[in-house]
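# Geometric and topological summary
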Amino acid sequence: MSREYDILIWGATGFTGQLVTQYMQTHYADSNLKWAIGGRSRTKLEALGCPANVALLIADAHDAQALEELVKSTRVVLTTVGPYARYGSELVAACARHGTHYCDLTGEVHWMRRMIDAHQTDAAASGARIVHTCGFDSIPSDLGVYFLQQQMRERHDAVARHIKYRTRAFKGGFSGGTVDSMMAMMEAARTDPGILEIIGDPYALNTSHRGLDGTDRLEPFYDTDFGAWVAPFVMAAINTRVVRRSNELLGMAYGQEFRYDEGSLTGQGPLAAVGAAAMALGTAAVNGLAAVTATRQLLQRVLPKPGEGPSADTIASGFFDIELLAIHPQDATRNLRARVRGDQDPGYGSTAKMLAECAVCLAQDELPVGGGFWTPASAMGDALLTRLPANAGVTFELIEA
Ligand SMILES: NC(=O)c1ccc[n+]([C@@H]2O[C@H](COP(=O)([O-])OP(=O)(O)OC[C@H]3O[C@@H](n4cnc5c(N)ncnc54)[C@H](OP(=O)(O)O)[C@@H]3O)[C@@H](O)[C@H]2O)c1
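Residues numbered from 1 in each chain as written. Predicted model: local features only at pLDDT ≥ 70, side-chain atom pairs only at ≥ 80, totals over all residues. Heavy atoms only, no water.

On to the packing of helix α3 (residues 64-72) against helix α5 (residues 89-98), then. As a packed pair, α3 and α5 sit with axes 9 Å apart at the nearest point and diverge in direction by 45°. Our classification of the angle between α3 and α5 gives oblique. In this structure, α3 crosses over α5, and the sense of that crossing is right-handed. Between α3 and α5, the residues in contact are Ala64, Leu67, Glu68, Val71 and Lys72 and Glu90, Leu91, Ala94, Cys95, Arg97 and His98, respectively. Its residues placed into classes, the contact of α3 with α5 shows 6 nonpolar, 1 polar and 4 charged. (Axes fitted to C-alpha atoms, helices over the stretch in contact; angles between N-to-C directions. Helix = DSSP H or I, 4+ residues; strand = E, 2+ residues; numbered from the N terminus. Parallel < 35°, antiparallel > 145°, perpendicular 65-115°, else oblique. Left-handed = near helix turned anticlockwise from the far one by under 90°. Contact = heavy atoms within 4.5 Å. Nonpolar A, V, L, I, M, F, W, Y, C, P; charged D, E, K, R; others polar.)

This is the structure in structure tokens:
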């Protein structure tokens, strides 16, 4: 594919787009990659102060004709222009039609479902690899499971029948773009009940396989495998769907009866139980408040606005630490545990690095799949298990017993 640019960072002026742009400048300025930045405002793009050899591409997210020209000029589009259901559909359609690889940060499951249904045929025909969820949701989950199943096969010639993902600790903030995306999804669900149906389906992103997992657990519980209380994890409704789709896209490599769930560890003892209950209530309360128009508008006034996000200090001092347990199909002494860790704020510092590495991977690496809608693990699993620890401060390690 001969194109003017290897990678276009679309939405470079946004909060996360700026972090991605900084990362590319620091890590790939001297490489042979040709990358450009894009957005709707030339003035804002110029203010980023990129070197003169980084081209500035201008278009509005709803100008389908301009987007066609844009995607024809680059081999990969990396986009942070969200909410994706509001701003992303024309771009995905254009990439799928013109064979342009694509990665994003969406967590909008209903939108992904609709994009897959609308454009899978075009993407398969054009050779465009379209990969959603290339940030904190859902790379630690998707790659963590991929890594653990690889270890289970290598060490025990088996696949885990169940993997549990538990956050041990994380520190970071959130941005106006994320708030906007969450609120936009709630607003859309109010007028389109089909959205709630998709979001509530544990296999919402699968084509045909439906396994043993039920709906996400919303109450706190004690997990004897971790000796700790577990609260609902806020990203579980996205990540679990992505992992289950990976299983299907990998040809049921994790097995027909594979089960997967996510939660947040709060610790041992009565205080931890109260903490888990408080987290469960807090998640339900935020969802409840965001679902009601009046309180949603109030939340939007007090939470960060689009373009705003955590401070540089919060990003630099942030981190995440996740443990995954893979349960052997017959023999509990052969269970495996892994740790997935990141060295910056999960949603922004680490997310920007993961997304940038996905774009470079789509541009440069030999990948085992052709055109179509893929998950990070199914398209780039092996390549990312090398790239992310080497470049992005995201590590995948077995916890030796
Ligand atoms: N999955 C994850 O782990 C994760 C983490 C972080 C963020 N996210 C998601 O990433 C997205 C971006 O978040 P953010 O905080 O970076 O948002 P943001 O700061 O609001 O940035 C949004 C970007 O979209 C651009 N944009 C808006 N309307 C446009 C239009 N009509 N045409 C062209 N460009 C347009 C903005 O341009 P202007 O600068 O000109 O306004 C800006 O560059 C959100 O959907 C968020 O949920 C996901």
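On we go from here.
What follows concerns the environment of Asp261. Residue position: Asp261 is located in strand β10 (residues 259-267). Discounting residues that sit within four places of it in the chain, Asp261 has contacts with His162, Ile163, Lys164, Tyr165, Arg166 and Thr240. At 2.7 Å, the side chain of Asp261 forms a polar contact with the side chain of His162. (Polar contact = N/O pair within 3.5 Å; in protein donor to acceptor, adjacent residues only side chain to side chain.)

The 7 strands lie next to each other as β3-β2-β1-β4-β5-β6-β13, forming an open sheet whose pairing is parallel. For this open sheet the edge positions go to β3 (56-58) and β13 (372-374), each flanked by a neighbour on one side alone. Across the sheet, the mean angle from the axis of one strand to that of its neighbour is 20°, orientation sign disregarded. Sheet topology places strand β4 (residues 74-79) next to strand β5 (residues 101-104); 4 bridges connect them, and they run parallel. In the strand pairing of β5, Leu78 is matched with Cys103. Along the sheet, helix α14 (residues 346-364) contacts β1 (5-10), β4, β5 and β6 (129-131); its crossing angle with β4, the most-contacted strand, is approximately 165°. (Pairing = 2+ DSSP bridges.)

The next subject is the packing of α14 against helix α15 (residues 376-392). The geometry of α14 relative to α15 is characterised by a closest axis approach of 10 Å and an angle of 130° between their N-to-C directions. It follows that α14 is oblique to α15 by the angle criterion. For α14 against α15, the interelement crossing comes out right-handed. Every residue of α15 that contacts α14 at Lys353, Met354, Glu357, Cys358, Val360, Cys361, Leu362 and Gln364 is listed here: Met380, Ala383, Leu384, Arg387, Leu388, Asn391 and Ala392. Of the residues assigned to the contact of α14 with α15, the class counts are 10 nonpolar, 2 polar and 3 charged.

Moving on, we get to the nonpolar core. With 105 residues, the main nonpolar core has Ile7, Ile9, Trp10, Met24, Trp35, Ile163 and Met380 as its most contacted residues. Looking at this core, the element that brings in the most residues is α14, giving 11 residues. Beyond its immediate stretch of four places on either side in the chain, Trp35 contacts Ile7, Ile9, Thr21, Met24, Gln25, Tyr28, Asn53, Val54 and Ala55. Counting 7 residues, the second-largest nonpolar core is a separate cluster that includes Phe221, Ala228, Val230 and Ile327. (Core = buried A, V, L, I, M, F, W, Y, C linked by side-chain atoms within 4.5 Å. Buried < 20%, exposed > 50% of the residue type's maximum accessible area, 1.4 Å probe, protein only.)

The subject of this paragraph is unusual backbone geometry. Residues other than glycine predominantly adopt negative phi, and peptide bonds predominantly adopt the trans conformation. Cis peptide bonds are those with omega within 30 degrees of zero, and the linkage from Gly82 to Pro83 qualifies with 0°. Examined against the element boundaries, Pro83 turns out to sit in the loop between β4 and α4 (84-87). Note that the residue after Asp137, namely Ser138, is joined by a cis bond; omega there is 15°. With respect to the helices and strands, the residue Ser138 is situated in the loop between β6 and α7 (139-156).

All right, on to the packing of aromatic side chains then. Overall, the coordinates contain 12 aromatic pairs when judged by the stated rule. Pairing Phe170 with Phe233 gives two aromatic rings, centres 6.1 Å apart and planes at 80°, and the pair type is edge-to-face. Here Phe170 is found in strand β7 (residues 162-171), whereas its partner Phe233 is found in the loop between β9 (228-231) and α10 (236-249), with 63 residues between them in sequence. Residue class for Phe233 comes out buried when judged on its relative accessible area of 6%. Judged by centre distance (6.5 Å) and plane angle (20°), the rings of Phe258 and Tyr260 are stacked. The pair Phe258 / Tyr260 is uniform in exposure class, with both members buried. One aromatic cluster is present, formed by Phe136, Tyr165, Phe170, Phe233 and Phe320 through successive ring pairs. In this structure, Arg217 is placed above the aromatic ring of Phe221, and the distance from its NZ or CZ to the ring centre is 3.7 Å. Between Arg244 and the ring centre of Tyr203, over which it is positioned, the NZ or CZ distance is 5.4 Å. (Phe/Tyr/Trp six-rings, centres within 6.5 Å; stacked < 30°, edge-to-face > 60°. Lys NZ or Arg CZ within 6 Å of the ring centre and 35° of its normal.)

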